[in-house]
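Examining the three-dimensional arrangement
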Amino acid sequence: MIKIRNLKKQDIPSAEYICLITAARKIKDTPNKALRTLLMYNRCYTRTQKSSCFVAEDENGKVVGYILCAESLVKYLKGFFGTELQEIFKISFTSGIVSFFEAVSPAAFSVKYPAHLHIDILPEYQGQKVGNPPASLLEGGFLNLGPAKHEKVAIYAVNQRISNVCRIAGAALQRSNS
């Protein structure tokens, strides 16, 4: 049985492992790319958005997935620009510029879908019982992620073992498996 709970400090290494194990090979195939991936998709949330970060834990207490959220793109960017982007620029100027534009690119979605999130699940827990989100969370094909719904989305995503949630700010769009 999967249990959803708030992220704790001791979960951060597991969340970082899951981030890297589930990332596309081309964004983790060198130490610098792996570090950029952690800074871009994981560490800002676990450092600045602790109240809206959740982990999925199996019956043995193993962290098998997470949903890392910021209630708004503005909150995410404030934290990201404050620390993580500076660290990415230390990797390379090009990485910093690319990361800046990637971070601000969801702005078009951010008014209607303010939450900014990442969901990742260990491969062995993916692809089982993927279904449609509950109607209460759907809005125009997107999951509606108002602040009160973060935990509902985390519970749904992990319990359904969704492996195909798009990473876009403000919304998670589930693609059909058909």
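The following refers to the structure shown. (Residues numbered from 1 in each chain as written. Predicted model: local features only at pLDDT ≥ 70, side-chain atom pairs only at ≥ 80, totals over all residues. Heavy atoms only, no water.)

1. Observations concerning the packing of helix α2 (residues 31–48) against helix α3 (residues 73–91)
A pair of packed helices can be characterised by two numbers: the angle between their axes and the separation between those axes. For the pair α2 and α3, the least separation of the axes is 9 Å and the interaxial angle reads 160°. As far as their axial angle goes, α3 and α2 are roughly antiparallel. The interaxial crossing formed by α2 with α3 has right-handed handedness. Within the contact between the two elements, α2 uses N32, L35, R36, L39, M40, R43, C44, Y45, R47 and T48 and α3 uses Y76, G79, F80, T83, E84, E87, I88 and I91. (Axes fitted to C-alpha atoms, helices over the stretch in contact; angles between N-to-C directions. Helix = DSSP H or I, 4+ residues; strand = E, 2+ residues; numbered from the N terminus. Parallel < 35°, antiparallel > 145°, perpendicular 65-115°, else oblique. Left-handed = near helix turned anticlockwise from the far one by under 90°. Contact = heavy atoms within 4.5 Å.)

2. Some details on the packing of aromatic side chains
Applying the stated criterion across every chain, the model contains 6 aromatic pairs. Residues F81 and F100 carry aromatic rings whose centres are separated by 5.5 Å and whose planes lie at 20° to one another, so their mutual orientation is stacked. With F81 in helix α3 and F100 in helix α4 (residues 93–104), this residue pair connects regions lying 19 residues apart in the sequence. Relative to F101, the ring of F100 has its centre 5.1 Å away and its plane inclined at 85°; by these criteria the two rings are edge-to-face. Judged by its relative accessible area of 53%, F101 falls in the exposed class. (Phe/Tyr/Trp six-rings, centres within 6.5 Å; stacked < 30°, edge-to-face > 60°. Buried < 20%, exposed > 50% of the residue type's maximum accessible area, 1.4 Å probe, protein only.)

3. Looking at the sheet that holds strand β2 (residues 53–57)
Across the sheet, 4 strands lie side by side as β1-β2-β3-β4; this open sheet has antiparallel pairing. Both outer strands of the open sheet, β1 (3–6) and β4 (116–121), are each paired with one neighbouring strand and no more. Between one strand and the next, the sheet's axes are offset by a mean angle of 15°, whatever the strand orientation. Seen against the sheet, helix α1 (residues 12–22) touches β3 (63–70) and β4 and runs at an angle of roughly 95° to β3. Docked against the sheet, α2 engages β2, β3 and β4, running at close to 75° with respect to β3. (Pairing = 2+ DSSP bridges.)

4. Things to note about the pattern of salt bridges
Under the counting rule described, the total for this entry stands at 8 salt bridges. Between R43 and E16 there is a salt bridge whose closest N-O contact spans 2.7 Å. Of the two residues, R43 is situated in helix α2 and E16 in helix α1; the sequence distance between them amounts to 27 residues. Between R36 and E102 there is a salt bridge, with its nearest N and O atoms 2.8 Å apart. Here R36, found in helix α2, pairs with E102, found in helix α4; they are 66 residues apart in sequence, far enough to count as distant. For E102, a relative accessible area of 29% translates into the label partly exposed. A network of salt bridges, in which partner residues are shared, links R5, D11 and E57. (Salt bridge = Lys/Arg side-chain N within 4 Å of Asp/Glu carboxyl O.)

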